[in-house]
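# Notes for the structure review
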Amino acid sequence: PILPPHHGLCPLQVTSNGSIGRNPPAETQPQNPPPQPAPNAWQVIKGVLFRIFIIWAISSWFRRGPAPQDQAGPGGAPRVASRNLFPKDTLMNLHVYISEHEHFTDFNATSALFWEQHDLVYGDWTSGENSDGCYEHFAELDIPQSVQQNGSIYIHVYFTKSGFHPDPRQKALYRRLATVHMSRMINKYKRRRFQKTKNLLTGETEADPEMIKRAEDFGPVEVISHWHPNITINIVDDHTPWVKGSVPPPLDQYVKFDAVSGDYYPIIYFNDYWNLQKDYYPINESLASLPLRVSFCPLSLWRWQLYAAQSTRSPWNFLGDELYEQSDEEQDSVKVALLETNPYLLALTIIVSIVHSVFEFLAFKNDIQFWNSRQSLEGLSVRSVFFGVFQSFVVLLYILDNETNFVVQVSVFIGVLIDLWKITKVMDVRLDREHKVAGLFPRPTFKDKSTYVESSTKVYDDMAFRYLSWILFPLLGCYAVYSLLYLEHKGWYSWVLSMLYGFLLTFGFITMTPQLFINYKLKSVAHLPWRMLTYKALNTFIDDLFAFVIKMPVMYRIGCLRDGEARRQA
């Protein structure tokens with residue numbers, strides 16, 4: 001959406017329903033931590049598509065052949081469709097309470113009452129300051145010491161029909177069927193990781209001394225309460241005759257039926273979809289108060305279905321909460337793209353991303369087919385295959401040492417297995433059971449295939465890597481000294497991995513030269529996997545084209561252009 005210009009003194013903030021609100025003055029907000037590097041746009045879009053596919057596949061597996069819904073009630077009588085307990089145009093009051101307790105009962109405490117709005121009309125889309133049915137309230141919350149010390153804080157929302165009160169102890173004013181209630185925790189717990197690094201030669205570090213002390217007190221991972229100043233309360237304008245037991249997921253989590261009458265309460269939805277992760281800041285003892293803007297807006301059924309589907313997590317949470325935290329950060333990039341990117345450019349980016357993924361799959365498929373059906377190794381660099389295995393192992397060990405998310409780890413591990421499989425195609429691999437390793441495991445033996453030895457390919461391959469070593473080893477030594485003198489590391493093991501990974505990332509394209517050398521000596525390129533190379537070349541062209549269009553780190557942009565030029569020269 002395009003935000004209208006504003007000339008006020010306070011910056012604008014997009015609320016969770018897409019409306020515009022003012023941020024509180026800058027002095028009321030603590031200083032945000034330094035922003036993390038934004039993930040690459042290709043990785044974000046492909047990661048989202050990959051997760052959609054996985055969720056669809058798992059859902060299809062578990063839902064195949066479902067049993068029909070039981071449409072019969074007690075005694076075998078058919079269930080009747082229910083109705084909304086708040087009919088259209090019902091006059092109602094809104095009561096918002098803030099409390100440290102998950103279950104709220106202290107209705108008489110004036111300090112707990114945050115907002116009270118009377119004479120709201122259910123289904124009204126034209127009232128309010130902006131004639132859109134929305135109202136908002138802003139105030140500073142005085143937070144107790146328990147919240148400052150990583151405690152929780154809850155928002156309790158009550159809608160009552162006009163003339164009634166949410167307190168059950170007021171018998172004359174309370175009616176169960178005239179009151180709908182919803183609550184949730186409004187602070188968010190996030191993990192803050194601290195990696196204790198230092199210069200391995202001097203022992204000095206540039207890390208904040210306070211962070212070092214907190215890492216010593218709480219460990220390398222600290223769970224900290226965070227705050228966002230905006231939240232929207234949506235009441236869904238819906239009068240669908242839902243049947244209990246037949247509401248489709250994930251909507252069934254929100255539709256609450258009355259046990260006696262069988263009718264359902266109005267659907268209240270806490271909407272924080274547009275609250276970006278980067279806008280959350282930690283709650284600590286230096287904060288005496290917290291700004292909070294609560295907005296109330298009606299919400300249509302189809303928009304609520306979209307929000308509910310996006311915010312609902314898979315019930316098979318076998319990948320852990322850390323994956324979801326990183327997924328939230330990746331979704332931030334998608335949300336920013338939806339808010340700030342030109343619609344035409346956004347549509348073009350999505351289309352090209354799909355084409356890019358298709359080309360990657362085809363390149364992968366043809367690469368497997370090429371090596372699986374290859375009978376002769378004439379003209380192919382076998383040493384490059386072994387060097388590729390070494391590169392893949394370095395990348396795998398590096399991401400494991402740096403706690404990358406599970407999806408990336410699995411992807412790299414599969415790549416290592418494929419590279420290991422290629423070794424069996426370029427060499428004769430045997431297991432020597434007479435000479436065992438440590439007396440337990442058979443010793444693997446490697447022998448060059450006859451088609452590789454009998455041709456001149458082996459001579460040219462050895463010659464190319466000998467010349468290449470004259471360049472690579474001095475560069476590796478210089479980079480190792482630079483990394484040891486000027487960079488910080490967790491330990492010697494991490495230094496070796498980060499040094500090798502950084503070296504391969506910077507100079508890895510040089511390893512393509514042995515195959516170029518063999519091509520030059522043989523005066524032929526007919527032995528190469530041209531289909532796979534063609535798909536990779538098309539993807540390289542797409543990377544180069546969008547390197548200047550999509551927001552990404554400068555070094556990654558240079559890397560795209562470098563790899564693209566290297567592949568084109570190949």
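What counts, and at which threshold
Residues numbered from 1 in each chain as written. Predicted model: local features only at pLDDT ≥ 70, side-chain atom pairs only at ≥ 80, totals over all residues. Heavy atoms only, no water. UniProt positions renumbered as here; feature names shortened; annotations may be inferred. Disulfide = S-S within 2.5 Å. Helix = DSSP H or I, 4+ residues; strand = E, 2+ residues; numbered from the N terminus. Buried < 20%, exposed > 50% of the residue type's maximum accessible area, 1.4 Å probe, protein only. Core = buried A, V, L, I, M, F, W, Y, C linked by side-chain atoms within 4.5 Å. Polar contact = N/O pair within 3.5 Å; in protein donor to acceptor, adjacent residues only side chain to side chain. Contact = heavy atoms within 4.5 Å. Axes fitted to C-alpha atoms, helices over the stretch in contact; angles between N-to-C directions. Parallel < 35°, antiparallel > 145°, perpendicular 65-115°, else oblique. Left-handed = near helix turned anticlockwise from the far one by under 90°. Pairing = 2+ DSSP bridges. Phe/Tyr/Trp six-rings, centres within 6.5 Å; stacked < 30°, edge-to-face > 60°.

The protein goes by Cleft lip and palate associated transmembrane protein in an unreviewed UniProt entry, where it is assigned to Diceros bicornis minor. A UniProt comment under Subcellular location (unreviewed entry) is attached to the protein, and it reads "Membrane". Taken verbatim from the UniProt record of the protein, the Sequence similarities (unreviewed entry) comment is "Belongs to the CLPTM1 family."

Right, let's talk about the state of the cysteines for a bit. Going through the model one piece at a time under the given rule, you end up with one disulfide. Residue Cys134 pairs covalently with Cys297 via a disulfide, S to S 1.9 Å. Note on the Cys134 and Cys297 pair: the S-S dihedral is about 125°, so by sign convention the disulfide is right-handed. Of the two residues, Cys134 sits in the loop between strand E4 (113-121) and strand E5 (135-142) while Cys297 sits in strand E13 (residues 289-299), which places them 163 residues apart along the sequence. Overall, Cys134 belongs to the buried group, its relative accessible area being 15%.

Core analysis: the biggest nonpolar cluster contains 33 residues, and Phe159, Trp227 and Leu292 have the highest contact counts within it. The set of elements that each furnish at least two residues to this core consists of strand E3 (91-99), E4, strand E6 (154-161), strand E10 (230-236), strand E11 (268-271) and E13. Membership of the second largest hydrophobic core comes to 16 residues, among which are Tyr254, Phe257, Leu299 and Tyr307.

The subject of this paragraph is the side chain of Thr160. Looking at the secondary structure, you find Thr160 in strand E6. Within the structure, the side chain of Thr160 is placed 3.5 Å from the side chain of His95, a separation counted as a polar contact. Here Phe164 takes part through its backbone oxygen, which lies 3.3 Å from a polar atom of the side chain of Thr160. Setting aside residues up to four positions removed in sequence, Thr160 forms contacts with Phe86, Leu91, Met92, Asn93, His95, His165, Pro166, Ala178 and Thr179.

Two quantities define a packed helix pair, namely the angle between the axes and the distance from one axis to the other. Where helix H7 (residues 382-401) contacts helix H11 (residues 492-507), the two axes come as close as 9 Å, and the packing angle between them is 130°. Relative to H11, H7 is oriented oblique. As for how H7 packs across H11, the hand of that crossing is left-handed. Contact residues: H7 offers Phe387, Phe390, Gln391, Val394, Val395, Leu397, Tyr398 and Asp401, while H11 offers Tyr493, Ser494, Leu497, Ser498, Leu500, Tyr501 and Leu504.

A few words now on the sheet that holds E10. Spatially, four strands are ordered E5-E13-E10-E11 in an open sheet, and the strand pairing comes out mixed. Edge strands, defined here as strands with exactly one partner in the open sheet, are E5 and E11. Within the sheet, the average angular offset between the axes of one strand and its neighbour, ignoring direction, is 25°. In this sheet, E11 lies alongside E10 in antiparallel orientation, the contact comprising four bridges. If you follow Thr232 over to E11, its bridge partner there is Asn271. Sitting on the sheet, helix H4 (residues 301-311) is in contact with E10, E11 and E13, with an inclination near 60° to E11.

This part is about the UniProt feature "transmembrane region" (unreviewed entry) in the protein. Under the feature "transmembrane region" (unreviewed entry), the UniProt entry names residues 344-364, 384-400, 406-423, 467-486 and 492-513. Between the end C-alpha atoms of residues 344-364 there is a gap of 30 Å, over a span that is 100% helix and 0% strand. Across residues 384-400, the secondary structure splits into 100% helix and 0% strand, with the terminal C-alpha atoms separated by 24 Å.

Enumeration over the complete set of coordinates arrives at 21 aromatic pairs. Arranged with centres 6.3 Å apart and planes meeting at 45°, the rings of Tyr479 and Tyr482 form a pair that is tilted. Here Tyr482 and Tyr479 lie together in helix H10 (residues 457-486), a separation of three residues that amounts to about one turn. Since its relative accessible area comes to 41%, Tyr482 is described here as partly exposed. With a centroid separation of 5.8 Å and an interplanar angle of 90°, the aromatic rings of Trp492 and Trp495 are classed as edge-to-face. Here Trp492 and its partner Trp495 are both found in helix H11, three residues apart, which amounts to about one turn of the helix.

With that out of the way, let us pick up the sheet that holds strand E9 (residues 221-227). In space, the three strands of this open sheet follow the order E8-E9-E12, with antiparallel pairing throughout. Strands with a single pairing partner mark the edges of an open sheet, and in this sheet they are strand E8 (188-193) and strand E12 (281-282). By the bridge criterion, six bridges tie E8 to E9 in an arrangement that is antiparallel. By the bridge assignment for E9, Lys188 is matched with His226.

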